[in-house]
Amino acid sequence: MFGILRFGLRVARKSTVIAVAAALLGAATAIVIPVLTGRAIGGALGVIRNGLDRPYVVVLIVLLLALAISNVTSVLGQTGFELADGPIRREVTLRIGWALSHDPDLTEMEDPATAALVQKVRSREWEISMGYQLLTGVATRQIPALIGTAVTLGIVLTWWAPLPIMILILINAEYLRRVITTQMDVWSGQTEGQKHAAYAFEQAMGKAAKEIRIFGLADYLRRRMMGYALEGYRPYWARRWRDAGLSVVLGVAKVIATLAVICYAAWQAATGRIDLTTIATAIPLIMAMADTDLWMIGQLQRAGTTYGWLEQLAPTKQYAQDQTEGAAKVAAAARTTKIATPAELTSADTIIRPADADTADSIETPASTAMVVGDRRRPDEPATSPPPGIVFDEVSFGYPGSDRLILDGLSLELPAGDAVALVGVNGAGKSTLVKLLVAGYLPTRGRVLVDGVDLASLDVDQRRAWQRRVSPITQEFLRLPLPAGDNVELGSGAVWAGRLDPDPVPDTAVLDDIAQRAGITDLVQRLPAGWLTSLDKTMPGGTDLSGGEWQRIGLARALRAVSSGAQVLVLDEPAAALDVQSEARLVDGYLDLARSVTSLIISHRFSVVRPVPSICVLEHGRIVEHGAHEELMDIADGRYRAMFRMQASRYAEADAEVEAELRAAEVEA
Ligand SMILES: Nc1ncnc2c1ncn2[C@@H]1O[C@H](COP(=O)(O)OP(=O)(O)O)[C@@H](O)[C@H]1O
Ligand SMILES: [Mg+2]
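The name that an unreviewed UniProt entry assigns to the chain is ABC transporter, with the source organism given as Microlunatus soli.

Given below as structure tokens:
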């Protein structure tokens, strides 16, 4: 709970201070008001007999002031924590995002324990901001007010007077704490039925919504969801009834205790042991106590637990340190990085290809060049460092938590400035190899060397910097709900170099040049607002693209990265969603582009890899064959030859069918 208060102070200091101060002042008025009310009533008889005197007027004025302050503090407190609400929610979300994205290593992110923790925090994220509100608003006002009222009553009436009510308040608070904790668990979708209902809803309305309609499953899923939704509430309702019964019993007990204390006060007054002022003070104090109900303890406790999970996921200290360091780095980068102008981008020729660099030599370069690994050339700089050579040296790899080796003693060389193609069946481990290439994972055994430097020897910053040097299109390429221009321009690295806010109007001269080279000029011209068109149907003027069109946008982004200095190009199944024409353009464009960078193109389509001079076949976790297309076709019982033939024969069959149909059509005509 104090964690949340510290959190609030860090994120929204002013609002938190205002809310807490207002609540404490409010608590003070809650004690002052009954005391002065007692005075006002007690002095009334004197005023009736002798007329107004100065002390009585002072009591009345102070009482009025206290009432006014009480009202003002309520409004002020409310405003305070409502102002803090936005920053707190934002910070919670940012911290979860940070936990999932700050590490260049993918291991943590894909770890099931982390995933479970993220799931838990996300499902109860809102409890943190609510806990903050309850803490700064309700708890900081009610708890001191209750203690103050009890102490005052003890002094005014008799020491034990507050005890019966206090004990019942505490019993009730503890009971409510338990009730709320369990009820909220039931409530926040923890029952089987609710999970099923959520799943059915997701199915009917989410990603598969179109298929669901076409298959006529909507009605079925709706009924299923309804059934589960009600069933899901049944345990909650059962609890609610049971809890309500006990709550009534406890409530009655509190009323009896209150009555008993009031009767005692009345008896004291009747027997002349206390005067009018005392009883007139005691009764409002008793009523104020009786009116207090510490229902928020359970919610505060849950909020504390949720905050604890967040703290576990993204420790404040580490997070804060990363934020300041990150900001400093971005600021430094922003000072030195200029975005390339079209003239500087005219072609990939500006990136020097190492003149027959002896790759074997460069691979043996000592590890002292580690920093070079992370030195992505600034776009406006003349190319000084050549593209790197990459070597997989007997690499074995299995995903964390699994014994199965996906790569098993794999050796592969991507010579500096050359293009290599990789083929293999589904699940052969091609995408896994990319993850190792970008140091998203480190090999279980063996090494991945970049210009002779082992990626495992890099620290976090160097690993990040290495990733910035690679321009990948992964199989699950990014589809950002942003304008088309931003989707391409993000490849320039401008964002991580400090231009966190890309210009509202992207530099279209640069983008048009990229579009031409990526073959998406027609696509962009078709968009209603050109580069500014949001690629998100839910945005005004926005539109969605087909799978193939998205893939071409992704390719343009990769080109943008290369044109602004990325030296390693990785295309993982770049043609999967492309039509024949786009695929042909991709292959031509790729070979042209690949002249200036070290590149790896992965595809299960032989038409894509065929023109690449160096083709590797991945099978059983290692490279089983490599060479040019003709060489691989010459291996009598080779894998490449077998797979190529199978694919080619399918196409040949299809072609024959098409031809036969065309001929038949001609005959008919
Ligand atoms: N994050 C992961 N955790 C565990 N296993 C994975 C993960 N990603 C992929 N795999 C497994 O690794 C194998 C190789 O996957 P992948 O490299 O994507 O194959 P390819 O790209 O060649 O089709 C597959 O059997 C897949 O199930
Ligand atoms: Mg793959």
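Colleague: I'd like a description of the packing of aromatic side chains, backed by residues and values.
Modeller: Inspection of the entire model under this criterion finds 10 aromatic pairs. Plain terms: the ring middles of tryptophan 98 and tyrosine 319 are 5.4 Å apart, the flat faces sit at 80° to each other, and that makes the pair edge-to-face. Pair noted here: tryptophan 98 is in helix H3 (residues 54–101) and tyrosine 319 is in helix H13 (residues 316–336), with a separation of 221 residues, a long-range link. What makes tyrosine 319 buried here is its relative accessible area of 5%. Taken together, the ring pairs connect Trp160, Tyr264 and Trp267 into an aromatic cluster. The ring of tryptophan 267 carries arginine 273 above its face, with NZ or CZ at 4.8 Å from the centroid.

Colleague: Please set out the pairing of strand S7 (residues 568–572) residue by residue, giving values where relevant.
Modeller: The buried count for S7 comes to 5 of 5 residues, which makes it a mostly enclosed element. What you see with S7 is no split at all: Val568, Val570 and Asp572 on one side and Leu569 and Leu571 on the other are buried throughout. Alignment of strand S6 (residues 470–473) against S7, held across 4 bridges, turns out to be parallel. Along S7, the bridge assignment pairs isoleucine 473 with leucine 571. Each parallel crossover has a hand, and for S7 linked through helix H23 (residues 580–593) to strand S8 (residues 598–602) it is right-handed.

Colleague: Now, about the site of ligand 1: what can you tell me, with residues and values included?
Modeller: What surrounds ligand 1 is a group of 14 residues, the closest being Glu110, Gly427, Lys430, Ser431 and Thr432. Here an oxygen atom of ligand 1 sits 2.8 Å away from a polar atom, N or O, in the main chain of lysine 430. Interatomic distance of 2.5 Å between a side-chain N/O atom of threonine 432 and an oxygen atom of ligand 1. In isolation ligand 1 exposes 560 Å². Once the protein is present, 66% of that is buried. Ranked by residue count, the leading element in the shell around ligand 1 is helix H17 (residues 430–437), at 4 residues. For the shell around ligand 1, the per-class residue count stands at 4 nonpolar, 6 polar and 4 charged.

What counts as what
Residues numbered from 1 in each chain as written. Chains lettered and ligands numbered in written order. Predicted model: local features only at pLDDT ≥ 70, side-chain atom pairs only at ≥ 80, totals over all residues. Heavy atoms only, no water. Phe/Tyr/Trp six-rings, centres within 6.5 Å; stacked < 30°, edge-to-face > 60°. Helix = DSSP H or I, 4+ residues; strand = E, 2+ residues; numbered from the N terminus. Buried < 20%, exposed > 50% of the residue type's maximum accessible area, 1.4 Å probe, protein only. Lys NZ or Arg CZ within 6 Å of the ring centre and 35° of its normal. Pairing = 2+ DSSP bridges. Right-handed = clockwise from strand over helix to strand, strands pointing away. Near = heavy atom within 4 Å. Polar contact = N/O pair within 3.5 Å; in protein donor to acceptor, adjacent residues only side chain to side chain. Areas by Shrake-Rupley, 256 points an atom, 1.4 Å probe, with all protein chains shown as cover. Nonpolar A, V, L, I, M, F, W, Y, C, P; charged D, E, K, R; others polar.

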